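Observations on the model geometry
Chain residues, written in single-letter form:
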Amino acid sequence: MGKHSKNSLRDWKKKLASFERPRLSTSVGQVVTSVGPFLILWVLAYFSLNISFWLTLLCAIPAAGFLV
């Protein structure tokens, strides 16, 4: 590694230092915005089984996207 690479690596470490520690507020926000819509779509899909298979499929496909 050359001198330029070591300086570049140090710069990257300084820039990314704020992301080394987890933040509870961000973690909770990410869980709420992914699990919340998934559960809502899952419940809607379950109750739509009495109405139409296609409506259930319409709810299930976006719900599957929240699992990825």
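Residues numbered from 1 in each chain as written. Predicted model: local features only at pLDDT ≥ 70, side-chain atom pairs only at ≥ 80, totals over all residues. Heavy atoms only, no water.

The next point concerns the overall build of the protein chain. When helices and strands are counted, the protein chain shows three helices and zero strands. When the helices and strands of the protein chain are read in sequence order from the N terminus, they spell out α-α-α. Classification of the 68 residues of the protein chain by burial places 9% in the buried group. Carbon and sulfur atoms make up 70% of the accessible area of the protein chain, which amounts to about 6200 Å² in all. (Helix = DSSP H or I, 4+ residues; strand = E, 2+ residues; numbered from the N terminus. Buried < 20%, exposed > 50% of the residue type's maximum accessible area, 1.4 Å probe, protein only. Areas by Shrake-Rupley, 256 points an atom, 1.4 Å probe, with all protein chains shown as cover.)

Scanning the entire structure with this criterion turns up two aromatic pairs. Here the aromatic rings of Phe-53 and Trp-54 are separated by 5.4 Å at their centres, their planes lie at 75 degrees, and the arrangement is edge-to-face. With respect to burial, Phe-53 and Trp-54 carry one shared label: exposed. (Phe/Tyr/Trp six-rings, centres within 6.5 Å; stacked < 30°, edge-to-face > 60°.)

We now examine a positive patch on the surface. Together, Lys-6, Arg-10, Lys-13 and Lys-14 make up a positively charged patch on the protein surface. Along the polypeptide, Lys-6 turns up in helix H1 (residues 3-16). (Patch = residues over 30% accessible without salt bridge, like charges linked within 9 Å, V, L, I, M, F, W, Y side chains within 5 Å. Salt bridge = Lys/Arg side-chain N within 4 Å of Asp/Glu carboxyl O. Lys, Arg positive; Asp, Glu negative; His and termini not counted. Charge placed at Lys NZ, Arg CZ, Asp CG, Glu CD.)

Moving on, we come to helix H2 (residues 24-48). Relative to the 36 Å expected for 25 residues at 1.5 Å per residue, H2 spans 35 Å between its end C-alpha atoms, a close match to the ideal helical length. Restricting attention to buried positions, one finds in H2 the residues Leu-41, Ala-45 and Ser-48. Lining the buried residues of H2 we find helix H3 (53-65). (Expected span 1.5 Å × (residues − 1). Contact = heavy atoms within 4.5 Å.)

Right, let's get into the environment of Trp-54. Residue placement: Trp-54 occurs in helix H3. C-alpha separation for the pair Trp-54 and Asn-7, spaced 47 residues apart in sequence, amounts to 58 Å.

This paragraph deals with the side chain of Ser-48. Along the chain, the position of Ser-48 falls in helix H2. Residue Ser-48 is classed as buried on the basis of its relative accessible area, which comes to 4%. Filtering out sequence-adjacent residues up to four positions away, Ser-48 remains in contact with Leu-55 and Thr-56.

On their own, these measurements won't tell you what the molecule is for.
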